[in-house]
Amino acid sequence: MNDTRTLSAEPAGKAPAPASSRSVRGLGGARHLGLVAALVLLAIVGLVTQPDNFATSSNLVSVLALAATIGVITVGMTFVIIGGGIDLSVGAIMALASVWATTVATQSYGPVVMALCAILVGAGAGALNGFLISYGRMVPFIATLAMMVAAGGLAQRMSDRRTQLVRPENDAIMALSTTKVLGLPLLVYIFAAVVAAGWVLLNRTTFGRRTFAVGGNPEAARLAGIDVRRHTMLLYTLSGVCCGIAAILIMARTTTGSSTHGNLYELDAIAAVIIGGTLLTGGRGTIIGSILGLLIFTVITNLFILNGLNTSDQLIAKGLIIVAAVLLQRRSLRSSS
Amino acid sequence: MNDTRTLSAEPAGKAPAPASSRSVRGLGGARHLGLVAALVLLAIVGLVTQPDNFATSSNLVSVLALAATIGVITVGMTFVIIGGGIDLSVGAIMALASVWATTVATQSYGPVVMALCAILVGAGAGALNGFLISYGRMVPFIATLAMMVAAGGLAQRMSDRRTQLVRPENDAIMALSTTKVLGLPLLVYIFAAVVAAGWVLLNRTTFGRRTFAVGGNPEAARLAGIDVRRHTMLLYTLSGVCCGIAAILIMARTTTGSSTHGNLYELDAIAAVIIGGTLLTGGRGTIIGSILGLLIFTVITNLFILNGLNTSDQLIAKGLIIVAAVLLQRRSLRSSS
Amino acid sequence: TSNSEETGNTNQQSVSTGGDNDKPGTKVTIGFSAPAADHGWIAAIAKNAEAQAKQYSDVDFKPVEPTNDINQQISAVESLIAQKVGALVILPNDGQQLNQVARKAMDAGIPVVNLDRVFPDKLSYRTWVGGDNYGMGVAAGHYIGKKLKDKGVAKPVILEIQGIATLPLTQDRSKGFADALKTYGFEVTAQQDAQFTVESGNEVAGNLLQAHKKIDALWNHDDDQGVGVLAAIKQANRNEFFMVGGAGSANAMREIKNGGVLEATVTYSPSMASSAIKLARLIAQGKGMADLVEKQVPQSITLASETITKDNVDQYLPLGFES
Amino acid sequence: MQDMRDPLLVMRGIVKQFPGVRALDGVDLEVRAGEVHCLLGQNGAGKSTLIKTLAGAHQPDEGTITFAGQEVRLTGPIAAIKLGISTIYQELDLVDGLSVADNIFLGHEKAAFGFTRTGDTNRAAAELLGRLGHGEIAPTTEVGTLPPAGKQVVSMARALSHDTRLIVMDEPSAALAHDEVDNLFRIVRELTAAGVAVVYISHRLEEIREIGDRITVLKDGRTVAVGLPARETPTREIISLMTGRDMENVFPERPAPGSHDGRPEVLRVEGLTVPGVVTDVSFSVREGEIVGLAGLVGSGRSEILEAVYGARGCSGRIELNGAPVRGISSAVRLGIGLAPEERKAQALLMDQSVAGNITLSGLGLYSRLGWLDRKRELADAKAQIDELDLRPADPSRPIRTLSGGNQQKAVLARWLVNRRKLLLLDEPTRGVDVGARADLYAVIRRLADEGIGVLLVSSELPEVLGLADRVLVIREGRAVHQSDARDLDEHRVLDMIMEGSAL
Ligand SMILES: Nc1ncnc2c1ncn2[C@@H]1O[C@H](COP(=O)(O)OP(=O)(O)OP(=O)(O)O)[C@@H](O)[C@H]1O
Ligand SMILES: Nc1ncnc2c1ncn2[C@@H]1O[C@H](COP(=O)(O)OP(=O)(O)OP(=O)(O)O)[C@@H](O)[C@H]1O
Ligand SMILES: [Mg+2]
Ligand SMILES: [Mg+2]
């Protein structure tokens, strides 16, 4: 055969990873170099400006604990966006789940039921999103916007707009945030477990493959015999479940359920996913990238507060850092090709 | 004349409108029937629940005045989204423009300079967005998110987080909201003028045609000889200009410039555009649809105000109405094919 | 912070002890507009106003959609003006931004009772009733300053967690706090702002505690976000300092009673909404205040900010609002 | 077991209505096991629609489908796949973000309890690719990085990955060059030898002759001929069945050799180098001359066109009528037009009308200070639609609903409204039917006669040799030969383009 080289041509622009780096690609090798570089730069800034406070274990634990809640949501969001959708309702669903789980009735059954309740509420709301989108054929942006508004209202109604305390007898919930194993609070382990499970689901299962297909080319997915609608339902349900888990974490951290929880989380989660290299158009993306993107945001906030910057300056700096991080990442992608 | 219809493809995708409805299509005929139906339904609800208050001229004026500010922003957003982008920074740019225009220095030059200042600030911020996106090749979501954060911070810094009053000698600005011509305040005319100009620009000029091309298939647009980058720059600049005009209107309405203006306007504007039938993926959409979408939101709010519904119930109802409106619209599209 | 046992609705701060004034008079429609009730204190404001109005058979209460968007609030007030209500009670999102429309109401002959956040133009309201934000900061500053002075701490680390930074009330509170501390020769070491929500309080405090390994005192402007602040303190396992709250929620009072990091809170009571309704009714009916000599309601009433500590908490508990 | 002469598939009276179009209007089709059944018809005749109903992707409005003696209802793609019907679609439907192996096994992944078995998947994919003669495509490559021909191979591998009794191939050779078509035929023969039936769609009659057994001809959504013998039926008869008209010569008359000699050069290219793809290519195109570029897929012909158009970074001199070309806008301003290779990705606005697509690069012609004169715009678009016999002749129809060949005509029309000095045509007749092809050739020649220079890339040698005045043979990015087209024949050119690269 003489046509051997012609059909496997690698276009320069798209930067196929060299064979040696392929094995790590799934785990976030070269393609995440820019993000890692941004994180390292931020860490250096932290070390220089706050030598005593930044690199302490308690500060790092605190950063992880702060990242955990949105982190869990970000995992679900990554699936939804890779699958070609978007979920604006994550914050509101989390709020609703936290409120539902802290009603007097639910609390009377103890912490396990509370946790289950949060997850079920999340799953239910997510499934409703999925239903509206796949079977009702609504645009994801609008369907989840409607859910965001309605779930927020329901959460307010249910809680009568009050902050609901987790009762002392259910302090097993709070223990997630106060009990430490090997120096890390339990909720960090939950976060890690969700990330790991998300990674495996995305990269090692047929569900994950099909998510890429559904997002990348729904018509091709349909012709390949994939039930695109069912899959879409599942994606939003998964995102809802993540919101339910996040609700448990936020209850643990704040000791409350409240309709004000999760305000603007959707923006943070989407931004993390996109900074992490997932395309808003679907079909491409990684969990690791999203988590790195999120950590960048969390570390920025941490650095600002450690350095006592006021909010206005924080905001300006944040804008600049986002731009810098993205340009840095693109640069590293280009040079790695 | 049956050839006026032929240059813009049918939005209903596969469903060409029947010949009879074609003549009105450009102005938003059949394709917007669902939206109009939703508006009519809302009006009926208004008439039934508030027979004395809803259909009064003062209430309708109030609805239009309320819609004007976001309305102007929505026009710019429609261009950006048809062009394949998104602009999260509209609210923040409006806030920044309002703050800049109400600084002591600017106010000393009188109302005309204030208005020019607002527009220039908007244009500048928009152009920077466009630059980052087209020449810096950043994802629009991230670039404008960075701008949203940074412009918000800058507005806070500039105003020292205080609300800046428009000084009495510059009350020509306030006059936009208080002076009425034929019963309507001037700002409603400004709104109408922006909508009309937007419609003409989108449907009757090469700029508009190229916007569809750039959003629909940027590679094809490039190979057809369109300078895609320059066009993208212009689109975001246009959106920025709209934010500047909106800043003038908000100054007129509130008599102030403030960094808190425009909070979450981006979400409302995007939602209006999408409910109006413009695709988030670009290449398709209408100004009229966006404005109808916005009016639906505004009328919903107005109805809630008139009926004194409590917030939680409002939110739940709003979510349901959004879903209903969209399903109604799709139904009408289907049956018109 | 409520759980059902307490939601038995004992603490709606609607009181009717106005002597003859509470007897039914001419019928009055009172329009009411406030920011969105996404926050315990504001929710208490809305509830108190409604509950107070319900006490009077001669009051027709017309609340409009609460919103955090100034543009919508303007629209809401416009609609009340169009409906020709007898009096308006307005808690603006921002006094300056709502000034024009309030003025419009006054010009149309509708008396406006300005609640809490003040309009800059005195022609825009008939009466202002509100808390003393500056005084609140002063009270917190004095409590912290005095206590640290007594302990003999030389250069104390004093932190401040504000509410929403862009609100004038936040700036007033911070100014009062700084001024009061100055009288002891102290100053604020670090200041961050939160969003009045539990979760933002938790996040800001979580980070702030990392920045300062040893703290002497902490003032948190708002007891709603204070729940999150307290949780963060617990999670960081810190107790070397004491904390002062703000507003006076029932939950904060219970914490004070139990003894812990939270030692005091300075009040900023949502009961002002009940008072505002009462005043609006009186104004519309042309009556004066029973305990005053004057025949008309005063032009401005500033509530005092009180300091609640373990010593007097029992006395205040019934007034605490459930956040 | 079934007898070879019993039909494996019988479709009767299939009707499929789209809004405004009756794409299928009572089609019959009979396919036997082990045969290559060719489906012919003009662009828009309904071939793709028919095979989509067979694949379960469309639901027919009327008609019956009998497969292996059983009447079946194909409720979705899965149903068809389960029966053993696999399809290679005309518009390659692959997922760019997934690897080659994942694409091949999409929907029927090799997995245990939902966990993919990556090793197995890659091994099986490598085996299929090897069987297709493309072992060099690594199963882990992301499909988006493959050239069109590579994607075609992956689609084929996907079809073969199922246990099939019938494979439908919708214009599989459109994206392939000469030698790869041979490879494709080898595979088809292997399949039919094993008793698999193949439905083969192509606009290239010589392929039908070579590989086909029987022919069914569609016209305007109806079957007009069934089971004609593929080798014996005269070309003239086939064409007249398809088009309803007789056609004498496919290629138009060429001017005498050397008749361009004295005319000025429109395009002059010197030392053109695109790093890694094209090396030191020099040539010129004179007024009224059609210059063809012959070469293998991947030899760099598209890159040469893109470089001339200013769409690709390169070194060397490119001049149009003496003025240097710098970037696309300068190319367009100077009077160059490009009809790119992948119409869907590079040329068309799928959401826009036919007219909107045609006038896209000529908007300046109809505007004053940016204001569009839509009446003139529409009149021009309509004129080109009539001129190219684009069907349906409705300028307001969304272009996505047109058949592939008609879409291609719209791309050409774009540069006919906006008159050019130099036209760059990259595979201008890909997917275009015989009748339309002759029309296109005539148009191209007429444009040349009007003085326009044309640079033509085609993977079909007869097209290059029959249409061009002069031919440039490209091998691995270098121009290895240049001469008058009449001095060349297919054999010689093939020798030249393969020389040195054969194993
Ligand atoms: N989704 C659709 N909506 C509306 N019309 C369609 C659609 N798909 C195809 N058509 C129309 O159906 C007819 C048949 O199209 P089809 O794609 O089957 O033709 P074809 O024979 O495959 O042509 P080609 O050789 O160009 O591929 C055409 O008129 C086409 O415009
Ligand atoms: N975007 C790209 N980046 C890098 N290399 C590319 C790109 N596109 C194509 N190539 C490679 O450049 C070489 C030349 O490709 P080109 O498309 O010019 O070939 P061609 O002769 O036009 O063949 P075809 O008949 O497929 O058009 C091939 O190896 C091809 O794979
Ligand atoms: Mg076809
Ligand atoms: Mg090519």
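See the structure shown above.
Residues numbered from 1 in each chain as written. Chains lettered and ligands numbered in written order. Predicted model: local features only at pLDDT ≥ 70, side-chain atom pairs only at ≥ 80, totals over all residues. Heavy atoms only, no water.

Novice: Go over the coordination of the magnesium ion (ligand 3), please, and point to the residues and values.
Specialist: Residue and element names in this part refer to chain D. Around the magnesium ion (ligand 3), the protein contributes the donor atoms Ser-48 (OG) and Gln-90 (OE1), at 1.9 to 2.0 Å from the metal centre. Of this pair, Ser-48 sits in helix α1 (residues 47–54) while Gln-90 sits in the loop between β6 (85–88) and α3 (100–104); the two residues are 42 residues apart in sequence, bridging distant segments of the chain. Exposure remark for Gln-90: the relative accessible area of 22% places this residue in the partly exposed category. (Donors = N, O, S within 2.8 Å, 3.2 Å for Na, K, Ca; no water. Helix = DSSP H or I, 4+ residues; strand = E, 2+ residues; numbered from the N terminus. Buried < 20%, exposed > 50% of the residue type's maximum accessible area, 1.4 Å probe, protein only.)

Novice: Outline the relation of the copies chain A and chain B, supporting the account with residue identities and numerical values.
Specialist: Rotating chain A by 180 degrees and translating it 0.0 Å along the rotation axis places it on chain B, where the RMSD comes to 0.1 Å. Considering both components of the superposition, the chain copies are consistent with a two-fold axis. For chain A, the minimum C-alpha distance to the rotation axis belongs to Thr281(A) and amounts to 3.8 Å. Both copies contact each other with a shared surface, as 100% of the interface residues of chain A are interface residues in chain B too. (Least-squares fit on C-alpha atoms with pLDDT ≥ 70 in both. Contact = heavy atoms within 4.5 Å.)

Novice: Lay out unusual backbone geometry in plain terms, naming residues and giving numbers.
Specialist: Across the junction of Arg391(D) and Pro392(D), the peptide omega takes the value -5 degrees, indicating a cis bond. As for its placement among the helices and strands, Pro392(D) is situated in the loop between α13 (374–387) and α14 (404–417). Even without being glycine, Asn237(C) reaches a positive phi, approximately 60 degrees. Residue classification places Asn237(C) among the exposed residues on the basis of a relative accessible area of 68%.

Novice: Describe the interface of chain A and chain C, with residues and values.
Specialist: Facing 40 residues of chain A, the contacting portion of chain C comprises 33 residues. Regarding the contact of chain A and chain C, the summed buried area is about 3,000 Å², with carbon and sulfur atoms giving 49% of it. Summed over the three residues of chain A that lose the most area to chain C, namely Arg161(A), Arg162(A) and Ile305(A), the buried surface amounts to 23% of that side. Inspection of the region where chain A meets chain C yields zero salt bridges. The interface formed by chain A and chain C holds 14 residue pairs in polar contact (both at pLDDT 80 or more) in total. Looking at the side of chain A that touches chain C, its residues break down into 10 nonpolar, 24 polar and six charged. (Buried area = accessible area lost by both parts, 1.4 Å probe. Salt bridge = Lys/Arg side-chain N within 4 Å of Asp/Glu carboxyl O. Polar contact = N/O pair within 3.5 Å; in protein donor to acceptor, adjacent residues only side chain to side chain. Nonpolar A, V, L, I, M, F, W, Y, C, P; charged D, E, K, R; others polar.)

Novice: Account for the sheet that holds strand β13 (residues 265–274) of chain D, naming residues and giving values.
Specialist: Residue and element names in this part refer to chain D. Across the sheet, four strands lie side by side as β14-β13-β16-β17; this open sheet has antiparallel pairing. In this open sheet, the two strands that pair with only one neighbour each are β14 (278–286) and β17 (323–324). The strands that helix α9 (residues 301–308) touches are β13, β14 and β16 (315–320); relative to β13, the one it contacts most, it runs at about 120 degrees. (Pairing = 2+ DSSP bridges. Axes fitted to C-alpha atoms, helices over the stretch in contact; angles between N-to-C directions.)

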